[in-house]
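# Structural features, examined
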Amino acid sequence: PMEQLTVRWHGHACFSLTCRDFTVVLDPYEDHYVPGFPPLRLTGDLVLCSHQHNDHNAAEIVTLRTGRPNPFRITKIPTFHDPEGGRLRGENTIHLLEVGKLRVAHFGDLGCPLSPAQKAELQGLDAAMVPVGGFYTIGPQEAKALLDDLRPKVFLPMHYRMGAVGLPADFLSLVENYVYYPTDTLSLDEGTKPQIAVLHCSV
């Protein structure tokens, strides 16, 4: 059977991925830490944090369930939070999650170019959640280069605005078209059309 994955954006870099009733929460942020975003209270089965900064590592806001089998294969790809090998802001982990034939990656606070080996490992993604704001991460131009290099089927821009969430205009000015969702949720399966998907965060 074809796997189906629900991708939900909670704002900033926080997403939840649900498959077969198992939910992985990625990069939850601490209360009052990201201006314009309300406190999060989520429920899930697993929390993954790309790095230990307060706007990405608030595992305590997630109520963890136990006993559900994890359908995901998870690969951690070590990168850096800055272009100077981590000297400025430390390390960052890209999480690659695979279930059935679906491959999804959350890029955390990527702040450096990918190595050729990492680019090879991240080809053929069905979805990529990538920071595009340039505020302590790669910016619009680097995000566009990443999009061109990796060509994920669905590209989800994130981490692009401090405060009220508008469209990531600087990034979208570099691409030809995008799909705007009036909701915070996208359903992903093998039949999903290629797109740049801008989810609406209901803050």
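All figures in this text were calculated on a predicted structure; none of them were measured in a lab.

## A look at the overall build of the chain
A count of helices and strands for the chain gives three helices and 14 strands. A compact globule built from 203 residues should have a C-alpha radius of gyration of about 17 Å, and the chain, at 16 Å, falls within 12% of that. Reported as C-alpha extents along the three principal axes, the dimensions of the chain are approximately 40 × 35 × 35 Å. Of all intrachain contacts in the chain linking residues separated by at least 6 positions in sequence, the fraction that spans at least 24 positions is 56%. In the structure as shown, the chain presents an accessible area of about 9,300 Å², 52% of it carried by carbon and sulfur atoms.

## A word on the packing of aromatic side chains
Within a pair of aromatic rings, the relevant descriptors are the distance that separates the centres and the angle that separates the planes. In total, this model carries six aromatic pairs according to the counting rule given. Judged by centre distance (5.2 Å) and plane angle (15°), the rings of Phe 155 and Phe 171 are stacked. Note that Phe 155 is positioned in strand β11 (residues 154-158) and Phe 171 in helix α3 (residues 169-172), a separation of 16 residues in sequence. A single burial state applies to Phe 155 and to Phe 171, both of which are buried.

## Here's the deal with the sheet that holds strand β10 (residues 127-131)
Overall, mixed pairing links the seven strands, which are arranged β7-β8-β9-β10-β11-β14-β12 in an open sheet. At either margin of the open sheet sits one strand with a lone partner, and together these are β7 (73-80) and β12 (179-180). Where β11 and strand β14 (residues 195-198) come together, two bridges link them in parallel fashion. Paired with Phe 155 across the two strands is Ile 196, which belongs to β14. Helix α2 (residues 140-150) contacts β10, β11 and β14 of the sheet and is inclined by roughly 160° relative to β10.

Each value, and the rule that gives it
Residues numbered from 1 in each chain as written. Predicted model: local features only at pLDDT ≥ 70, side-chain atom pairs only at ≥ 80, totals over all residues. Heavy atoms only, no water. Helix = DSSP H or I, 4+ residues; strand = E, 2+ residues; numbered from the N terminus. Rg over C-alpha atoms; globule rule 2.2 N^0.38 Å. Contact = heavy atoms within 4.5 Å. Areas by Shrake-Rupley, 256 points an atom, 1.4 Å probe, with all protein chains shown as cover. Phe/Tyr/Trp six-rings, centres within 6.5 Å; stacked < 30°, edge-to-face > 60°. Buried < 20%, exposed > 50% of the residue type's maximum accessible area, 1.4 Å probe, protein only. Pairing = 2+ DSSP bridges. Axes fitted to C-alpha atoms, helices over the stretch in contact; angles between N-to-C directions.

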